[in-house]
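Architecture and fold: a report
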Amino acid sequence: MKLHEYQSKRVFAQYGVPIPPGKVATTPEEVEAIAREFGGPVAVKAQVLVGGRGKAGGIKLARTPGEAREVAQAILSMTIKGLPVRKVLVDPAVDIAQEIYLGITNDRAARRPVLMASSEGGVDIEEVARRSPEKIARVHIHPLLGLQGYQVRDVALRIDLPREHWKAFTKVAFGLWKAYQASDATLAEINPLVITAQGEMLALDGKMIVDDNALYRHPDLAEMRDLDAEDPTEIEARKYGLSFIKLDGDIGCMVNGAGLAMATMDIIKLYGGEPANFLDIGGGANAEKVAAAFRLILSDPKVKAVLINIFGGITRGDEVARGILQAMEEVKPEVPMVVRLVGTNAEEGLALLKGADMLTAQTLAEAAQKAVAVAKGGEA
Amino acid sequence: MSILVSKKSRVLVQGITGREGRFHTERMVAYGTQVVAGVTPGKGGEWVLDRIPVFDTVAAAVEATGADTSVIFVPARFAADAILEAADAGIKLVVAITEGIPVQDMMRVTTYLQEKGTTLVGPNCPGLLTPGEAKVGIIPGNIALPGNVGVVSRSGTLTYEVVYAMKLRGMGVSTTVGIGGDPVKGLDFIDVLRMFEEDPQTEAVVLIGEIGGSSEEQAAAFIREHMTKPVVGFIAGQTAPPGKRMGHAGAIIEGGEGTAAEKIKALQAANVPVARHPEEIADLLVDILRR
């Protein structure tokens with residue numbers, strides 16, 4: 001789960017990372033009032049969960065409260081990469097002397113967290129990694145020992161940070177590490193971490209991604225979820241424990257298992273079709289869950305055919321068949337359907353579906369070819 | 001011979017009295033696996049299937065039954081604790097089926113297990129199947145024949161699809177290892193490839209990967225340098241959009257890295273034929289084993 005900039009920065013601040021005293025607003029009038037209260041130039045920043053908001057015009061400086069209201073008006077009516085801007089963060093503007101990058105993420109191959117820093121802050125770190133990888137200092141953190149002071153000094157030296165800032169940098173690095181660990185983050189990033197003209201260190205931006213699997217032990221963070229940033233069908237899917245992602249094609253897919261679901265999408269493409277979605281009904285899905293999955297697929301008017309591919313293991317073919325029949329009662333689909341059931345209780349499942357108007361297939365290749373043919377309006 | 005599990009494995013089920021644990025214990029026993037004990041804290045003294053004793057702790061179970069392999073069905077929030085308990089009780093091989101364990105838990109667990117010398121398979125995996133001998137986990141036993149092809153995979157049902165297609169062509173499996181779909185896990189492709197290379201029964205290997213991370217690229221480099229046995233591959237997720245997590249926590253294309261195209265290229269550069277769809281793997285194997 002991604003957190004907004006203002007949420008991330010507040011979490012960082014709880015662990016001792018200095019941040020600007022910003023405030024969140026939803027209307028231009030509020031922004032004007034906040035700017036007046038701060039009494040100087042301010043930065044007005046769109047709070048949307050996508051990268052590149054600066055380039056899209058979602059971050060603007062304003063010298064006066066009146067100007068702040070004007071830029072807020074513009075920003076609050078923007079849609080950035082499909083997401084409407086509903087909130088802005090108003091921070092007092094600062095004079096920047098230097099911009100640094102500081103982040104912690106999981107290095108899955110090393111099976112431990114990695115702290116990364118670069119003297120080239122303020123730009124996309126992936127861009128720096130491509131262009132000049134030597135500019136990024138990395139250090140792995142032992143999961144049981146945690147970040148050590150010498151590791152921070154080592155990084156400070158490698159990014160040529162002037163010694164007078166080492167103490168402040170150490171405080172920020174440890175604050176970020178504690179925030180990362182305490183929040184079960186998979187990413188905690190400050191970009192840029194700035195040194196102001198007055199010589200202070202300040203986290204000007206913040207980004208955090210929290211491990212969805214750990215949200216049960218962080219109810220405070222779970223509450224921060226921004227439902228506006230998600231596709232409504234994906235929210236509906238989560239309610240039923242389904243994993244669903246909408247795509248652009250016209251063949252709806254219902255599969256058990258993430259790997260097999262991806263392979264099913266791929267084979268549709270291989271035979272000249274386009275998948276409309278990724279959908280994993282998970283292991284041991286019951287009829288109710290299958291019916292919910294079916295409704296999700298058919299809620300997309302672009303869908304011209306549905307391919308159901310179930311390899312029964314924990315999931316039982318007869319349960320899936322019952323779910324399909326239940327959903328067909330409710331939704332009364334008009335698109336053709338291709339069903340392939342293999343494994344646990346597949347015969348029982350196919351027997352249940354016999355009365356329904358459905359195409360069946362033995363192999364995955366056969367199922368995909370049939371689905372592609374009927375989606376194009378042909379005979380299977 | 002096979003790898004990791006055989007009919008000699010003495011298996012302990014952690015979470016044996018839960019719905020999943022009980023169901024799959026029945027299946028494992030029916031397949032012929034030696035399930036010698038179960039553990040559920042608070043339920044010590046009970047019996048499952050009238051012949052498998054349940055203990056409160058793994059240490060007590062190991063002492064009484066000599067279990068050497070543990071399979072974990074406990075819910076995600078207690079799973080890290082269960083894995084550590086197994087390692088501390090001297091279990092040599094832990095197979096974690098549980099899905100949804102927080103990744104920071106897994107980083108601490110894998111670090112500790114490495115120090116203890118305990119082997120971990122998973123989490124979020126279907127487990128292990130050595131056809132005709134034993135199954136530890138949830139892979140349906142009847143979809144694979146005994147044979148000489150080793151299978152290693154990040155995905156559960158996709159593996160079933162592949163070994164079933166092999167069975168229809170009369171080809172069997174030495175051992176199938178589901179390493180799981182999580183970003184931080186125990187055994188990775190390279191570890192299992194090394195075991196298959198050393199296993200006298202295994203003559204060829206199937207590697208089933210998916211988008212996300214760089215395990216397949218590392219496996220390709222390992223195959224080029226160290227494998228004498230032929231390997232065929234499949235990568236799921238060629239049509240997956242970047243930035244979206246495709247079900248598995250590990251299956252996400254981040255910053256343009258971990259795409260199927262890159263992985264396929266790396267495998268092909270290591271002389272690994274890559275199937276276009278899962279059933280085609282069986283065709284590629286027929287070609288290779290005939291040579």
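Before reading on, note that the structure itself is shown above.
Here is a short report on the structure shown in this document.

**Points about the overall build of chain A**
Across its full length, chain A holds 13 helices and 19 strands. Seen through its principal axes, chain A has C-alpha atoms that stretch 80 × 50 × 40 Å. Looking at the 380 residues of chain A, the share that counts as buried comes to 54%. Long-range contacts, defined here as pairs at least 24 residues apart, represent 67% of the contacts in chain A between residues at least 6 apart. Total accessible area computed for chain A in this model is approximately 16,300 Å², and 51% of it derives from carbon and sulfur atoms.

**Here we look at a negative patch on the surface**
A cluster of like negative charges, contributed by A:D124, A:E126, B:E254, B:E257 and B:E262, occupies part of the molecular surface. Relative to the helices and strands, B:E254 is located in the loop between β13 (231-236) and α8 (260-269).

**Digging into the pairing of strand β7 (residues 88-92) of chain A**
Residue and element names in this part refer to chain A. For β7, a buried count of four out of five residues is recorded, marking the element as mostly surrounded by other parts of the structure. Relative to β7, strand β2 (residues 23-25) runs antiparallel, the two being bridged by three bridges. Looking across to β7, one finds that A25 is bridged to V88. Bridge count for strand β3 (residues 42-46) against β7 is five bridges, and the pairing is antiparallel. Residue pairing for β7: V44 is matched across the bridge by V90.

**Describing the packing of aromatic side chains**
Evaluated as defined, the whole model comprises three aromatic pairs over all chains. Both rings, one in A:W177 and one in A:Y180, keep their centres 5.7 Å apart while their planes meet at 25 degrees; by these two values the pair is stacked. Taken as a pair, A:W177 and A:Y180 lie in helix α6 (residues 166-182) at a separation of three residues, close to a single helical turn. A residue is classified by how much of its surface remains accessible, and A:W177, at 6% relative accessible area, is buried. Ring centres of A:F311 and B:Y160 lie 6.0 Å apart, and the angle between their planes is 65 degrees; this geometry places the pair in the edge-to-face category. In this pair, A:F311 is assigned in strand β17 (residues 305-312) and B:Y160 in helix α5 (residues 156-168), connecting two distinct chains.

**Overview of the packing of helix α9 (residues 258-270) of chain A against α5(B)**
Across the interface, α9(A) lies against α5(B) with an axial gap of 5 Å and an inter-helix angle of 65 degrees. Residues A:G259, A:L260 and A:A263 of α9(A) lie in contact with α5(B), whose contacting residues are B:T157, B:L158 and B:E161. Broken down by class, the residue content of the contact of α9(A) with α5(B) amounts to three nonpolar, two polar and one charged.

Here is what the cut-offs are and how they apply
- The residue numbering used here restarts from 1 in each chain and proceeds along that chain's sequence as written.
- Chains and ligands are labelled by the order in which they are written, letters from A for the one and numbers from 1 for the other.
- Totals for whole chains, interfaces and linings use every residue, but because this is a predicted model, local features are given only for residues with pLDDT of at least 70 and side-chain atom pairs only at 80 or more, for both listing and counting.
- Each side-chain value is derived from all of the structure's non-hydrogen atoms; neither hydrogens nor water enter the calculation.
- Numbering of helices and strands runs from the N terminus, with a helix taken as a DSSP run of H or I at least four residues long and a strand as a DSSP run of E at least two residues long.
- Only protein chains enter the area calculation, which uses a 1.4 Å probe; residues under 20% of their type maximum are buried, those over 50% are exposed, and those in between are partly exposed.
- Here, two residues are considered to be in contact whenever any of their heavy atoms come within 4.5 Å of each other.
- We get accessible surface area from the Shrake-Rupley algorithm with a probe of 1.4 Å; when it comes to residues, only the shown protein chains can shield them.
- Residues with no salt bridge and a relative accessible area higher than 30% make up the patches, which join like charges within 9 Å and nonpolar side chains (Val, Leu, Ile, Met, Phe, Trp, Tyr) within 5 Å.
- Here, a salt bridge means any side-chain nitrogen of Lys or Arg that lies within 4 Å of a carboxyl oxygen of Asp or Glu.
- Just so you know, the count uses Lys and Arg for positive and Asp and Glu for negative, and it drops His and the chain ends.
- A single reference atom marks each charge: NZ on Lys, CZ on Arg, CG on Asp, CD on Glu.
- At least two bridges found by DSSP between two strands is the condition for calling them paired.
- For Phe, Tyr and Trp, where Trp contributes only its six-membered ring, two rings pair if their centres lie within 6.5 Å, and the inter-plane angle classes them as stacked under 30 degrees, edge-to-face over 60, or tilted in between.
- For helices, the axis comes from a line fit to the C-alpha atoms of the stretch in contact; other axes are also lines fit to C-alpha atoms, and the angle between any two N-to-C directions lies between 0 and 180 degrees.
- Here the nonpolar group is Ala, Val, Leu, Ile, Met, Phe, Trp, Tyr, Cys and Pro; Asp, Glu, Lys and Arg are the charged ones; every other residue, Gly included, is treated as polar.

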